[in-house]
Amino acid sequence: MAIDEAGGQSRIFGEVADLYDAARPGYPSELFDTVLDYAKSAEHSTALEIGAGTGKATVPLAARGVPLVCVEPDPRMAEVLRRNTARHPGVTVEVGGFEEWQPGERRFGLLFAATCWHWIDPTRRWELAHQVLEPGGSVALCWNPQGVLDPELHARLTELNRRHGVSGPMFDLAADYHEAPGTDGADRAYDHWPEAECRRDGRFTDLRSLRFREPVRYDSESYVRLLASISAYRVLPADARARALDAVATLLDAHGGGIDLIQFSDLFLARRR
């Protein structure tokens, strides 16, 4: 995760690196298969993963034999990342933000970013991507938002967040998501979907947006642990965060002891011309 305009908000995950690692969802195997099929021209090259976090995407890529240089700015997250990838000798972890990181003469066949591209400086990110990629190298950016299935529960969670000062549309209705990300303004999670920005840059081609989905159920405790790892809750003062999370737990306990969601995994692909 790189520094954002708020001055480091994206690095607050290191405060709870182990919780982040345990609570955050991963990505489906089909997503990684799709990335590697698209990036076949890079199959003999090292991949660069930026904002690698604790390795939610790193481990599946490394398990497929992809050599990786992972750039992670928070040393606490990097420590967990090293632990999670210890059995994969092809993984190198370097601590630093993508904006400040120096690749030297290295160029990569694939740049991968899992749920972190929106943290990268928007005035520089495509230039940086272009600089580090080999000609014909691929960009793969992914996110994993969740949609609430029950409209009544969605409305109550949204109101709860408003009362407790949790900023942003933390809870989206599954019905607000469409067949592919970025194709309709109702996909509220994607004010930052990168396709239009990449197209304007003009130095990338073969742009693709894909969506994978599966149902998932969290019990109350597991869902509260997930929320406790999310930036909108991490930025709250500790007492305010505790009250907000307790309120979510109470609501879910009264709603059958959990929450049913659709787990989306959305992927954007592009290739350097």
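Residues numbered from 1 in each chain as written. Predicted model: local features only at pLDDT ≥ 70, side-chain atom pairs only at ≥ 80, totals over all residues. Heavy atoms only, no water.

Peer 1: I would appreciate a short explanation of helix 5 (residues 125-132) in the present structure.
Peer 2: What sets the pattern is the α-helix's 3.6 residues per turn: residues three or four places apart point alike. Most of helix 5 sits out of view: six of its eight residues are buried. Where helix 5 is concerned, the buried positions are Arg125, Trp126, Leu128, Ala129, His130 and Val132. Buried residues in helix 5 make contact with strand 1 (47-50), strand 4 (108-114), strand 5 (133-143), helix 7 (195-201), strand 8 (204-219) and strand 9 (258-272). (Buried < 20%, exposed > 50% of the residue type's maximum accessible area, 1.4 Å probe, protein only. Helix = DSSP H or I, 4+ residues; strand = E, 2+ residues; numbered from the N terminus. Contact = heavy atoms within 4.5 Å.)

Peer 1: Help me understand the packing of aromatic side chains, please; the structure alone is not making it clear to me.
Peer 2: Applying the stated rule across the entire model yields twelve aromatic pairs. Measuring from ring centre to ring centre gives 6.4 Å for Tyr27 and Phe32, while their planes differ by 85 degrees; the resulting arrangement is edge-to-face. The class of Tyr27 is buried, set by a relative accessible area of 13%. For Phe32, a relative accessible area of 1% gives the class buried. When the ring of Trp193 is compared with that of Phe268, the centres are 6.3 Å apart and the planes differ by 85 degrees; the resulting orientation is edge-to-face. One end of the pair, Trp193, is in the loop between strand 7 (172-173) and helix 7; the other, Phe268, is in strand 9, with 75 residues separating them in the sequence. A relative accessible area of 0% places Phe268 in the buried class. These aromatic residues form a ring-pair network of at least three members: Trp117, Trp126, Trp143, Trp193, Phe204 and Phe268. Over the face of the ring belonging to Phe13 we find Arg24, whose NZ or CZ atom lies 5.3 Å from the ring centre. In this arrangement the basic side chain of Arg271 is found over the ring face of Tyr38, its NZ or CZ atom lying 4.0 Å from the centre. (Phe/Tyr/Trp six-rings, centres within 6.5 Å; stacked < 30°, edge-to-face > 60°. Lys NZ or Arg CZ within 6 Å of the ring centre and 35° of its normal.)

Peer 1: Hey, could you run me through the nonpolar core in this one?
Peer 2: One recurring pattern in soluble globular proteins is that nonpolar side chains are buried together. If you look at the biggest cluster of nonpolar residues, it comprises 34 residues, and the most contacted ones within it are Leu48, Phe98, Leu111 and Trp117. In this view, Leu48 contacts Val69, Val71, Phe98, Trp101, Phe108, Leu110, Leu111, Phe112 and Val132; residues no more than four positions away in its chain are not counted. Counting 29 residues, the second-largest nonpolar core is a separate cluster that includes Leu153, Tyr223, Ala228 and Leu252. (Core = buried A, V, L, I, M, F, W, Y, C linked by side-chain atoms within 4.5 Å.)

Peer 1: What am I meant to see in the environment of Ala242 here?
Peer 2: In this fold, Ala242 is placed in helix 10 (residues 238-253). You can call Ala242 partly exposed: its relative accessible area is 37%. Separated by 14 residues in sequence, Ala242 and Ala228 place their C-alpha atoms 8.9 Å apart.

Peer 1: Looking at this structure, I do not really get the pairing of strand 3 (residues 91-95). What am I missing?
Peer 2: Within a regular beta strand, the side chains point alternately toward one face of the sheet and then the other, so they alternate between its two faces. In the sheet, strand 2 (residues 68-72) pairs with strand 3 via five bridges, with the strands oriented parallel. Considered in strand 3, the bridge of Leu68 is made with Val91. (Pairing = 2+ DSSP bridges.)

Peer 1: How do you make sense of the packing of helix 8 (residues 220-228) against helix 10 when you look at a structure like this?
Peer 2: When two helices pack together, their arrangement is given by the angle between their axes and by how far apart the axes lie. For the pair helix 8 and helix 10, interaxial distance at closest approach is 9 Å and the crossing angle is 155 degrees. Considering the angle they form, helix 8 stands roughly antiparallel to helix 10. The chirality of how helix 8 crosses helix 10 is right-handed. Note on element contacts: helix 10 touches helix 8 through Leu245, Val248, Ala249, Leu252 and Asp253, opposite Ser220, Tyr223, Val224, Leu227 and Ala228. Of the residues in the contact of helix 8 with helix 10, the class split is eight nonpolar, one polar and one charged. (Axes fitted to C-alpha atoms, helices over the stretch in contact; angles between N-to-C directions. Parallel < 35°, antiparallel > 145°, perpendicular 65-115°, else oblique. Left-handed = near helix turned anticlockwise from the far one by under 90°. Nonpolar A, V, L, I, M, F, W, Y, C, P; charged D, E, K, R; others polar.)

Peer 1: Even after reading the chapter, I still don't get the side chain of Gln146, so can you show me in this structure?
Peer 2: Note on placement: Gln146 falls in strand 6 (residues 146-148). You can call Gln146 buried: its relative accessible area is 16%. Among the polar contacts made by the side chain of Gln146, one reaches the side chain of Tyr218 at a distance of 3.0 Å. When residues no more than four places from it in sequence are discounted, the contact partners of Gln146 are Pro25, Asp172, Tyr177, Tyr218, Tyr223, Leu226, Leu261, Ile262, Gln263 and Phe264. (Polar contact = N/O pair within 3.5 Å; in protein donor to acceptor, adjacent residues only side chain to side chain.)

Peer 1: Sorry, what's going on with the state of the cysteines here?
Peer 2: Where two cysteines share a covalent bond between their sulfur atoms, that bond is called a disulfide. What the rule picks out here adds up to zero disulfides. Cys70 takes part in no disulfide bond, and the closest cysteine sulfur to it belongs to Cys116, at a distance of 11 Å. For Cys70, a relative accessible area of 0% puts it in the buried group. Since its relative accessible area comes to 1%, Cys116 is described here as buried. (Disulfide = S-S within 2.5 Å.)

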